[in-house]
Amino acid sequence: MLRTFVRPALSTLNCKAASSTTGFKSGTKYGGKTTVTLIPGDGVGPEIAESVTTLFKEMSVPVEFEVVDLTKYTLRDDGAFNNAITSLKRNGVGLKGVLNRAGDFRTHNVEFRGNLDTYANVVRCMSYEGIKTHHTGIDLIAIRENTEGEYSCLEHESVPGVVESLKIITREKSMRIAKFAFDYALEHNRKKVTCIHKANIMKLSDGLFKRCCAETAELYPSIEYEEQIVDNTCQQLVINPTQFDVMVMPNLYGNLVSNLGAGLVGGAGLVPSKSYGDDIAVFEPGARHTWMEMKGMYVANPVAMVLSSAFMLKHIMLHEAGDNLITAVKKVLNKRTCQTRDLGGKATTREMTRAILAELHDLHA
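Residues numbered from 1 in each chain as written. Predicted model: local features only at pLDDT ≥ 70, side-chain atom pairs only at ≥ 80, totals over all residues. Heavy atoms only, no water.

Caption draft 1: Broad picture of helix α1 (residues 45-59). Its 15 residues place the ends of α1 21 Å apart at the C-alpha level, agreeing with the 21 Å of an ideal helix rising 1.5 Å per residue. Residues of α1 that are buried include every one of Gly45, Glu47, Ile48, Ala49, Ser51, Val52, Leu55, Phe56 and Met59, and no others. Immediately downstream of α1, the backbone of Ser60 shows phi near 55°, a positive value. (Helix = DSSP H or I, 4+ residues; strand = E, 2+ residues; numbered from the N terminus. Expected span 1.5 Å × (residues − 1). Buried < 20%, exposed > 50% of the residue type's maximum accessible area, 1.4 Å probe, protein only.)

Rendered as structure tokens:
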């Protein structure tokens, strides 16, 4: 058994919340433990969630999971969806697998974020020495406005064969995500923020988003600011991704850029993310793929989910446990002795979990 991790008393902490735009809520506590909502999700979600619960048990972290069964099947029952929302609002912290978006389920994903107002999605794409990729030294942050844009789901067929889809961009939410991005850069010692847009074509909507970012940049003179058109951004990511530091963008572009970033550093199985609201934080894999065809085979890479859980631990002030888990994951990836299929190896989900656990034990040997 690994050493027991204890949260320091709040009176002894000298720290900030994850962002000054995010009110810190460390979760509901019972008996010295923090209750965290766990939504394993669809596809391989329950398998990679099992990796997290196994590691947490061995680490003796003071976290109690409230498991909510929310999948594309249970979502047909409004009660299951409402239960998940209630649990997350009550606990203030969630760990979530990926939910399948097929068919009529699409609007529930948007409703999920809307109900919680988790407006800022933060995806970190980082290179690892043990993962062979075309580029090295990547460490970029993609910050995505998570509640409007093309994902507003306002579509209608005005006449047969003609569909109109509304893209909603508001000053209020654009200013909010811009401030979040600059606060994040400042608090995490980042040097540059890049606004990603398509204002050369969508002059009103993306023009508004770009102006909000530029206005906000004036309040942060120590942070370098630049603007880039999204199609050029995709090309520049492929050619020279290390030029980027923090990137802030509307909803759809954030989806594209974060998935492209995941591909640059080794794939969807490696990239964690977190979504913040004013009083809630939800942690989940950064590239939202369920891998339904591999469900039940235990061949998925759990790293993205494990890293997401490590950042969750840091969010609830269990910094040492979170840092140790991150270090253990990096050691496994850099040694290249245990690799899942997506990384070119043959290791199973559980074998990768055991490898991480072995590194944790070595840290305390």
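Caption draft 2: Structural view of the pattern of salt bridges. In this structure the tally under the stated criterion is 17 salt bridges. The salt bridge involving Asp139 is made with Arg124; its shortest N-O contact spans 2.9 Å. Here Asp139 is found in strand β6 (residues 139-145), whereas its partner Arg124 is found in strand β5 (residues 120-126), with 15 residues between them in sequence. Note on Asp139: relative accessible area 26%, which makes it partly exposed. (Salt bridge = Lys/Arg side-chain N within 4 Å of Asp/Glu carboxyl O.)

Caption draft 3: The arrangement of the packing of α1 against helix α8 (residues 303-315) in detail. Taken N-terminus to C-terminus, the directions of α1 and α8 make an angle of 45°; their axes are 9 Å apart at the nearest point. Accordingly, the angle class assigned to the pair α1 and α8 is oblique. Remark: the crossing between α1 and α8 carries right-handed chirality. For the pair α1 and α8, the contacting residues are Ile48, Ala49, Ser51, Val52, Leu55 and Phe56 in the first and Met305, Val306, Ser309, Met312 and Leu313 in the second. For the contact of α1 with α8, the residue count by class is 9 nonpolar, 2 polar and no charged. (Axes fitted to C-alpha atoms, helices over the stretch in contact; angles between N-to-C directions. Parallel < 35°, antiparallel > 145°, perpendicular 65-115°, else oblique. Left-handed = near helix turned anticlockwise from the far one by under 90°. Contact = heavy atoms within 4.5 Å. Nonpolar A, V, L, I, M, F, W, Y, C, P; charged D, E, K, R; others polar.)

None of this, on its own, says anything about what the molecule does.
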